[in-house]
Amino acid sequence: MGILIELRDYAGDGKLHAHILFYATLALLSFGLFLLLKKEFSIHSPTKLPIAGIESPGYLGILKARFKFVSNGFNIVRDAYHKYPGRNFVVTTYGCDKIILTHAQVKELASAPEDVVSIQHASAETMMIECTGLGRFLGTGYAEEVVRVKLTQNLANLKAGILEETRFALDTELPGCSTDEWRSVEIFTTILRVVARTSSRAFVGLPLCRNEDWLTVSIMFTRDVFMTLGKLTHVPKPIRPLFAYIFNSIGEIRSHKEKAQALLDPIFQSRLEEERLAEKNGTVYQKPNDMLQWLTDRVDPPYKSVESLSELQLLIILSSIHTMSLALLNTIFDLAEHQECVQQIREEIEAVLSANNGVLDSAALRKMKKTDSFLKEALRARIGLFSFNRMVMKSLTLSDGTYLPKGVVIAAPTSMFSTDPDFVEDPEKFDGFRWYKKSLEAEGGVLHSNNFTTTSPNDLTFGHGKHACPGRFFAAEEMKIILVFLLFRYDFKYPEGQSRPRNLNHGEFSYPDTTKHLLFKKSTGPMKFPFLQ
Ligand code: HEM
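Residues numbered from 1 in each chain as written. Predicted model: local features only at pLDDT ≥ 70, side-chain atom pairs only at ≥ 80, totals over all residues. Heavy atoms only, no water.

- The chain goes by Cytochrome P450 in an unreviewed UniProt entry, where it is assigned to Tuber aestivum.
- Here is the UniProt Cofactor (unreviewed entry) comment for the chain, exactly as written: "heme". (UniProt positions renumbered as here; feature names shortened; annotations may be inferred.)

Below is the structure:
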């Protein structure tokens, strides 16, 4: 009515056309926004599955559920898991809605191809690539392939460097530890820097792995990506890209990319130059054996630039350094709590290394079954609410009749499976040697089924199937090496009156308390094995 009155008032006036244009644009924008909100709102309606977490109807109900998920996600999913046993349900997470799979469905979809259920498109959704710009390599598979093939194949070749770097990292990050006085250590910061250093040795080699600016980028990139995602989560999805653009939400991400590029550029250029010279002189160019080189060799010509290669490095860092550091922090907290296991683990490591002439190689690491079991138990139900996140790329009906429409995100409730007595005996109890004992009990030679790196539909610490974490063999070796050093060079315990802190849940993440301190002291007695010195 208002518009009609204004139209009448302005009729015959030159302003009429401008007004018509203004209101028409406004109407179109509102209609567009309505369609976008409706699309976001209606994503799970075709499935007719029960919805967990939404308490009031309409788009506002969804927004409220998103906020609530951040503080209460674990309880929402736990309640629904018990309310709908063995059935699917939809949960409104802060980022997007997810259809929660059953154990049998994870098994069925484990080997499904990317054009049916896609891990990359699910990550694109989680990483909000339309805002963060982190989707440049979507569909190329470069990082996944180089980690799965080259990194894993080169574990033995990288060992000497990683041992040297672990020694150097601990000397640098834990200075002034003596044999007679306990020293309070900010354990997460220490571990994060040790992991950043040792991983960088494998990723970019010397001397960059000891460059403080590189270490800062390696550590801060992941932190700032997740901070950015956290901020954007509160913005309705349809207007997120515009919001991110106006408020420069990805300023920090961009700045880390630029710094990484500036640091890698001289190395990249000198490698190109050496290769060119060798070709000119008819000599053989000895390529460095690190991630930077494997990526350079693998990418297609349009990506053979320092800009692309440094971004790929950052994406690998994003999947690895914080995940390994948090996993180690969980393990160290559990070791400090279960001193009765520490002595047994030390004895096993000592026996394995003595039988291997004091050499810490991959074969010796594989024989450290008690360490392996402890790591697996320390991460059980501690990596977060979901794993096996996939986007459905074409509508499909599973063998049990469940309909999954194109475009929905599916996920396995990993922390529910790993605390479900149907899958894990006495799940509430922490038993560091649970998996070691199971291996001993196993008959018929199924000894590997309880290894730290083994995945199964209900053992999803590293995901499962075609896209199970390709870096898990590297992670297992690097974490075991750091633990061997920690266990043989130091004693550690909680300050008086403290014990294992509870993990903190935030949205779908679960992490150990990164603010806690532990007390450290240098072990007395001789260092038995030369690599430790
Ligand atoms: C304790 C440490 C780690 C944990 C708990 C972990 C966990 C995971 C999980 C749960 C997935 C998803 C798998 C799925 O959905 O099936 C994944 C994927 C991935 N991880 Fe890890 N990860 C760890 C260390 C690493 C390391 C050290 C690297 C690299 C050096 C790495 C690189 C990747 C990559 C590239 C993917 C994507 C795989 C794909 O898209 O096919 N991760 N990781």
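1. Regarding the pairing of strand β6 (residues 387-392)
Here is step 1 of the chain: Of all six residues making up β6, six are buried, and the element is well covered by its neighbours.
Here is step 2 of the chain: Here strand β4 (residues 117-118) pairs with β6 via two bridges, running antiparallel. Across the sheet, Ser 118 pairs through a bridge with Met 391, a residue of β6.
Here is step 3 of the chain: Sheet analysis places β6 next to strand β9 (residues 409-412), joined by three bridges and oriented antiparallel. Considered in β9, the bridge of Arg 390 is made with Ile 410. (Buried < 20%, exposed > 50% of the residue type's maximum accessible area, 1.4 Å probe, protein only. Helix = DSSP H or I, 4+ residues; strand = E, 2+ residues; numbered from the N terminus. Pairing = 2+ DSSP bridges.)

2. Considering the packing of aromatic side chains
Here is step 1 of the chain: Inspection of the entire model under this criterion finds 20 aromatic pairs.
Here is step 2 of the chain: On the basis of an interplanar angle of 65° and a centroid distance of 5.4 Å, the ring pair of Phe 374 and Phe 430 is categorised as edge-to-face. One end of the pair, Phe 374, is in helix α17 (residues 369-379); the other, Phe 430, is in the loop between α18 (414-417) and α19 (434-441), with 56 residues separating them in the sequence. The residues Phe 374 and Phe 430 share a single accessibility class, namely buried.
Here is step 3 of the chain: Measuring from centroid to centroid gives 5.5 Å for Phe 417 and Phe 423, while their planes differ by 75°, and the two rings are edge-to-face.
Here is step 4 of the chain: In this structure Phe 423 comes out as partly exposed when scored by relative accessible area, which is 28%.
Here is step 5 of the chain: Put simply, the rings of Phe 485, Phe 488, Phe 529 and Phe 531 touch in pairs and so form one group of aromatic residues. (Phe/Tyr/Trp six-rings, centres within 6.5 Å; stacked < 30°, edge-to-face > 60°.)

3. Let's talk about the coordination of the iron atom of the ligand
Here is step 1 of the chain: No protein donor other than Cys 469 (SG) coordinates the iron atom of the ligand, and that contact is at 2.3 Å.
Here is step 2 of the chain: On the secondary structure map, Cys 469 appears in the loop between α19 and α20 (472-489). (Donors = N, O, S within 2.8 Å, 3.2 Å for Na, K, Ca; no water.)

4. A short note on unusual backbone geometry
Here is step 1 of the chain: Cis geometry marks the peptide bond from Leu 206 to Pro 207; its omega dihedral reads 0°.
Here is step 2 of the chain: In this fold, Pro 207 is placed in the loop between α9 (187-203) and α10 (212-233).
Here is step 3 of the chain: Of note in the backbone geometry, Ala 381 takes a positive phi value of approximately 60° without being a glycine.
Here is step 4 of the chain: Summarising the element assignment, Ala 381 is placed in the loop between α17 and β6.
Here is step 5 of the chain: Exposure remark for Ala 381: the relative accessible area of 27% places this residue in the partly exposed category.
Here is step 6 of the chain: One non-glycine residue, Asp 426, adopts positive backbone phi at about 45°.
Here is step 7 of the chain: Assignment of secondary structure puts Asp 426 in the loop between α18 and α19.

5. Description of the packing of helix α14 (residues 306-337) against helix α15 (residues 339-355)
Here is step 1 of the chain: With their axes 5 Å apart at the nearest point, α14 and α15 run at an angle of 105° to one another. One finds that α14 runs roughly perpendicular with respect to α15. When α14 is examined against α15, the residues Leu 335, Ala 336 and Glu 337 are found in contact with a partner set consisting of Gln 339, Glu 340, Val 342 and Ile 345.
Here is step 2 of the chain: For the contact of α14 with α15, the per-class residue count stands at four nonpolar, one polar and two charged. (Axes fitted to C-alpha atoms, helices over the stretch in contact; angles between N-to-C directions. Parallel < 35°, antiparallel > 145°, perpendicular 65-115°, else oblique. Contact = heavy atoms within 4.5 Å. Nonpolar A, V, L, I, M, F, W, Y, C, P; charged D, E, K, R; others polar.)

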